[in-house]
Amino acid sequence: QVQLVESGGGLVQPGGSLRLSCAASGSIFRIPAMGWYRQGPGKQRELVATITTGGSTNYADSVKGRFTISRDGAKNTVYLQMNSLKPDDTAVYYCNAAWTMDYWGKGTLVTVSS
């Protein structure tokens, strides 16, 4: 079983940056893919970015060039660096581990507003 805890959300002005962290309870080397999803107000949950154990990444078109996903195996942590934030990025951001089943964290709220 995997437990995921997100942190790093908050209020930021448009154009600002935040870095989200997702700490896993165990080694993430065994998890084939981890990722970030988000759910904005009145919207369905959507993929933001994923990363595999081999380091391959995938991004939603809406965040390409602005967000970067990375993983630190030594710290069992996955990060999401978010730059040039827009009001449309406002959402609860969830960490996901795709392994024997999908594991989810409880989410961290990101609000982009002036």
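Calculation rules
- Residues numbered from 1 in each chain as written.
- Predicted model: local features only at pLDDT ≥ 70, side-chain atom pairs only at ≥ 80, totals over all residues.
- Heavy atoms only, no water.
- Salt bridge = Lys/Arg side-chain N within 4 Å of Asp/Glu carboxyl O.
- Buried < 20%, exposed > 50% of the residue type's maximum accessible area, 1.4 Å probe, protein only.
- Phe/Tyr/Trp six-rings, centres within 6.5 Å; stacked < 30°, edge-to-face > 60°.
- Helix = DSSP H or I, 4+ residues; strand = E, 2+ residues; numbered from the N terminus.
- Lys NZ or Arg CZ within 6 Å of the ring centre and 35° of its normal.
- Core = buried A, V, L, I, M, F, W, Y, C linked by side-chain atoms within 4.5 Å.
- Contact = heavy atoms within 4.5 Å.

K.L.:
Explain the pattern of salt bridges residue by residue, including any values.
P.N.:
Applying the stated rule across the entire model yields four salt bridges. Residue R38 is joined to E46 by a salt bridge in which the shortest nitrogen-to-oxygen separation is 2.7 Å. Judged by relative accessible area, R38 falls into the buried class, the value being 6%. One salt bridge connects R38 with D89, and the closest N-O pair in it is separated by 2.9 Å.

K.L.:
How would you explain the packing of aromatic side chains if you had to name every residue and give the values?
P.N.:
Think of a pair of aromatic rings as described by two things: how far the centres are apart, and how the planes are tilted against each other in angle. Summed over all chains, the structure comprises one aromatic pair. With a centroid separation of 5.1 Å and an interplanar angle of 70 degrees, the aromatic rings of Y37 and W104 are classed as edge-to-face. In this pair, Y37 sits in strand β4 (residues 33–39) while W104 sits in strand β10 (residues 102–104), placing the two residues 67 residues apart along the sequence. Since its relative accessible area comes to 35%, W104 is described here as partly exposed. In this structure, R45 is placed above the aromatic ring of Y94, and the distance from its NZ or CZ to the ring centre is 3.8 Å. The ring of W104 is capped by R45, whose NZ or CZ atom sits 4.6 Å from the centre of that ring.

K.L.:
Describe the nonpolar core, with residues and values.
P.N.:
One recurring pattern in soluble globular proteins is that nonpolar side chains are buried together. Formed by 30 residues in total, the largest nonpolar core has its most connected members in L4, M34, W36, L80, M82 and Y93. Those elements giving two or more residues to this core turn out to be β3 (18–24), β4, β5 (46–52), β7 (67–72), β8 (77–82), β9 (91–98) and β11 (108–112). When neighbours within four sequence positions are excluded, L4 is seen to be in contact with C22, A23, A24, M34, C95, N96, A97, Y103, W104, G105 and K106.

K.L.:
Tell me about the environment of D88, and name the residues and values.
P.N.:
Considering the arrangement of structural elements, one finds D88 in the loop between β8 and β9. Overall, D88 belongs to the exposed group, its relative accessible area being 60%. Sequence separation between D88 and S27 is 61 residues, and the spatial gap between their C-alpha atoms is 33 Å. For D88, the residues in contact, after removing those within four places along its chain, are R38 and K43.

Remember, this is a structural readout, not a statement about activity or role.
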